[in-house]
Amino acid sequence: MAVWIPTLPMSDNSPTLPRGTWILLCILTLGWGMNWPMIKMAIADIPVWTFRTLCVAAGAIGMFTIAWFARLPIKIRAAQFAPLVLLAFCNVTIWNVLAAYGASLLPAGRSALLAYLMPLWTVLLSAPLLGERLTRRRVTGALLGMAGLGLLLGNDLVSIRHSTTGAGLMIGASFSWALGTVLMKRFALDLPPVTLTAWNMLLGGVPLAIGALALDPPHWRPIGTGAWIGLIYNMVIAFVLCYWAWFRILTLAPAGISALGTLAIPVVAVFGGMFILGERPGFADFVALASILAALGTVMLPSRFTLRSA
């Protein structure tokens, strides 16, 4: 019989990601990075609330199934319910609705870039809410990463000015995700990552299902092959495998460091969108990639290879 033993997290002031999270981060980077073009494919035919409800439902079923087969504890205590509702609202409900609507108004790669302002918000929020130190490495990583995202975003500033609603939705989504990330570390619920993810999906999916039933029926119609591919990818890869990896990383590393580790995801999203749409990267794209990889280095490499913490 498998028994879950809580993994002791690294110190909240540790400057780097533990090596045990690197494989998880690679899975997360590729899975969520390629998901942005898939979202565009899916919502071309599927209404946003319905799409997100199906994805979150698949994620919840997948996570509870994994927990059951692994014989992990599934029940939660009464005291854990209220924090879980708040986490689910930030990490699942608000994030998924705002991100999907934002993605419908902006190019896939650029939607991901705005969404991944999340690390900046997380680093800033983790100081007052978690007491994590704003070390030189964290500030350097945030600045390098945001500089890289800014370079990639620069080519689309004109189009974003014509779609301020889409940009605002994506920025709101990124802040909601960051707040949920920080609150998860603050509450430190004694649950296995799989169980924690399952309950986030279940509780966060209830408002999505209500919204789908209230708003989407007039827009339901047969969907094409591209939408099916995008939907299935989201249900299996993005909402089962990647969400599990994300919550697992959060149990092993400080919130600010975990968030900075996701900075490569929009790079994959941009280049994935270019591959699917036949676009070609330019000079700014490669400079941005170098900046973001440098940002990752500040939180992933041992201290002897990077700047000393302040």
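Rules used throughout
- Residues numbered from 1 in each chain as written.
- Predicted model: local features only at pLDDT ≥ 70, side-chain atom pairs only at ≥ 80, totals over all residues.
- Heavy atoms only, no water.
- Core = buried A, V, L, I, M, F, W, Y, C linked by side-chain atoms within 4.5 Å.
- Buried < 20%, exposed > 50% of the residue type's maximum accessible area, 1.4 Å probe, protein only.
- Helix = DSSP H or I, 4+ residues; strand = E, 2+ residues; numbered from the N terminus.
- Axes fitted to C-alpha atoms, helices over the stretch in contact; angles between N-to-C directions.
- Parallel < 35°, antiparallel > 145°, perpendicular 65-115°, else oblique.
- Left-handed = near helix turned anticlockwise from the far one by under 90°.
- Nonpolar A, V, L, I, M, F, W, Y, C, P; charged D, E, K, R; others polar.
- Salt bridge = Lys/Arg side-chain N within 4 Å of Asp/Glu carboxyl O.
- Patch = residues over 30% accessible without salt bridge, like charges linked within 9 Å, V, L, I, M, F, W, Y side chains within 5 Å.
- Areas by Shrake-Rupley, 256 points an atom, 1.4 Å probe, with all protein chains shown as cover.
- Expected span 1.5 Å × (residues − 1).
- Bend = angle between axes of the 7 residues up to and from the residue.
- Contact = heavy atoms within 4.5 Å.
- Phe/Tyr/Trp six-rings, centres within 6.5 Å; stacked < 30°, edge-to-face > 60°.
- pLDDT = per-residue confidence, 0-100.

Asker: Can you walk me through the nonpolar core in this structure?
Answerer: For soluble globular proteins, nonpolar side chains are generally found buried alongside one another. Counting residues in each nonpolar core, the largest one holds 71 residues, and the members touching the most others are Leu 28, Trp 32, Trp 36, Phe 51, Trp 95 and Trp 246. Top contributing element to this core by residue count: helix H11 (residues 225-252), with 12 residues.

Asker: Hey, could you run me through the packing of helix H3 (residues 48-69) against helix H10 (residues 193-215) in this one?
Answerer: Helix-helix packing is described using two parameters, namely the angle between the two axes and the distance between the axes. For the pair H3 and H10, the least separation of the axes is 8 Å and the interaxial angle reads 155°. The angle between the axes of H3 and H10 places the two elements in the roughly antiparallel class. Crossing geometry of H3 relative to H10 is assigned as left-handed. Looking at the contact of H3 with H10 residue by residue, the classes come out as 17 nonpolar, 7 polar and 1 charged.

Asker: Is there a simple way to explain the pattern of salt bridges in this structure?
Answerer: Should the charged atoms of two oppositely charged side chains come close, the side chains can pair. On inspection of all chains with the given rule, the structure shows 1 salt bridge. Among the salt bridges present, the one from Arg 221 reaches Asp 45, with a minimum N-O distance of 3.6 Å. You can see Arg 221 sitting in the loop between H10 and H11 and its partner Asp 45 sitting in the loop between helix H2 (35-43) and H3, a full 176 residues away along the chain.

Asker: Help me understand a nonpolar patch on the surface in this model?
Answerer: Together, Leu 134, Val 139 and Leu 143 give the surface a local cluster of nonpolar side chains, amounting to about 270 Å² of exposed area. Structurally, Leu 143 can be placed in helix H7 (residues 136-154). Residue Leu 143 is classed as exposed on the basis of its relative accessible area of 58%.

Asker: Just to check I follow, could you spell out helix H4 (residues 78-105) for this structure?
Answerer: Turn by turn, an α-helix covers 3.6 residues, leaving residues three or four places apart pointing in a common direction. In this model, H4 (28 residues) spans 40 Å end to end at C-alpha, consistent with the 40 Å of a helix rising 1.5 Å per residue. In the structure, H4 departs most strongly from a straight axis at Phe 89, where the bend amounts to approximately 40°.

Asker: Whenever I open this one, the side chain of Asn 96 confuses me. Can you help?
Answerer: One can find Asn 96 in helix H4. Contacts of Asn 96, omitting those with residues within four sequence positions, involve Arg 52, Val 56, Asn 91, Phe 239 and Tyr 243.

Asker: Where do I start with the packing of aromatic side chains in this structure?
Answerer: To describe a pair of aromatic rings, one takes the distance between the centres and the angle between the planes. In total, this model carries 8 aromatic pairs according to the counting rule given. Consider the rings of Phe 64 and Trp 199, whose centres lie 5.6 Å apart with planes at 80°: the pair is edge-to-face. In this pair, Phe 64 sits in helix H3 while Trp 199 sits in helix H10, placing the two residues 135 residues apart along the sequence. Plain terms: the ring middles of Trp 95 and Trp 177 are 4.7 Å apart, the flat faces sit at 45° to each other, and that makes the pair tilted. With Trp 95 in helix H4 and Trp 177 in helix H9 (residues 164-187), this pair connects stretches of sequence that are 82 residues apart. Trp 177 carries the same exposure label as Trp 95, and that label is buried.

Asker: What's the story with unusual backbone geometry in this structure? I'm lost.
Answerer: Most of the time, phi is negative for any residue but glycine, and the peptide bond is trans. Backbone geometry at Arg 71 places phi at a positive 60°, although glycine is not the residue there. Take Arg 71: it is sitting in the loop between H3 and H4. Residue class for Arg 71 comes out exposed when judged on its relative accessible area of 54%. Unlike most non-glycine residues, Ala 188 shows phi in positive territory, near 45°. Here Ala 188 is to be found in the loop between H9 and H10.

Asker: Help me understand the packing of helix H1 (residues 22-33) against H2 in this model?
Answerer: The contact between H1 and H2 brings their axes to 5 Å, and the two run at 30°. Here H2 runs roughly parallel to H1, going by the angle between their axes. Contact with H1, carried on its side by Gly 31, Trp 32 and Gly 33, involves Asn 35, Trp 36 and Pro 37 of H2 and no other residues of that element. Split by residue class, the contact of H1 with H2 holds 3 nonpolar, 3 polar and no charged.

Asker: How should the environment of Gly 205 be read in this particular structure?
Answerer: As for its position among the elements, Gly 205 is in helix H10. Exposure remark for Gly 205: the relative accessible area of 11% places this residue in the buried category. Once the C-alpha coordinates of Gly 205 and Gly 59 are considered, the two residues, 146 residues apart in sequence, prove to be 9.6 Å apart. Sequence-distant contacts of Gly 205, that is, excluding residues within four places in its chain, are made with Val 56, Val 92 and Asn 200.

Asker: Which parts of the structure should I look at to understand the environment of Ile 265?
Answerer: Checked against the element boundaries, Ile 265 lands in helix H13 (residues 265-277). Through-space distance from the C-alpha of Ile 265 to that of Gly 31 is 8.5 Å; in sequence the pair is 234 residues apart.

Asker: Would you mind going over H1 with me for this structure?
Answerer: Its 12 residues place the ends of H1 16 Å apart at the C-alpha level, agreeing with the 16 Å of an ideal helix rising 1.5 Å per residue. The complete set of buried residues in H1 reads Leu 24, Leu 25, Leu 28, Thr 29, Gly 31, Trp 32 and Gly 33.

Asker: How should I be thinking about the confidence of the model for the protein in this particular structure?
Answerer: Close inspection of predicted coordinates is inappropriate for parts of the model with low pLDDT. Of the residues in the protein, 78% have a pLDDT of 70 or more, and the chain-wide mean is 79. Least confident of the elements in the protein is helix H8 (residues 157-161), whose mean pLDDT is 55; most confident is H3, at 95. Every residue in residues 304-310 is under pLDDT 50, and counting partners more than four places away or in other chains gives 14 contacts.

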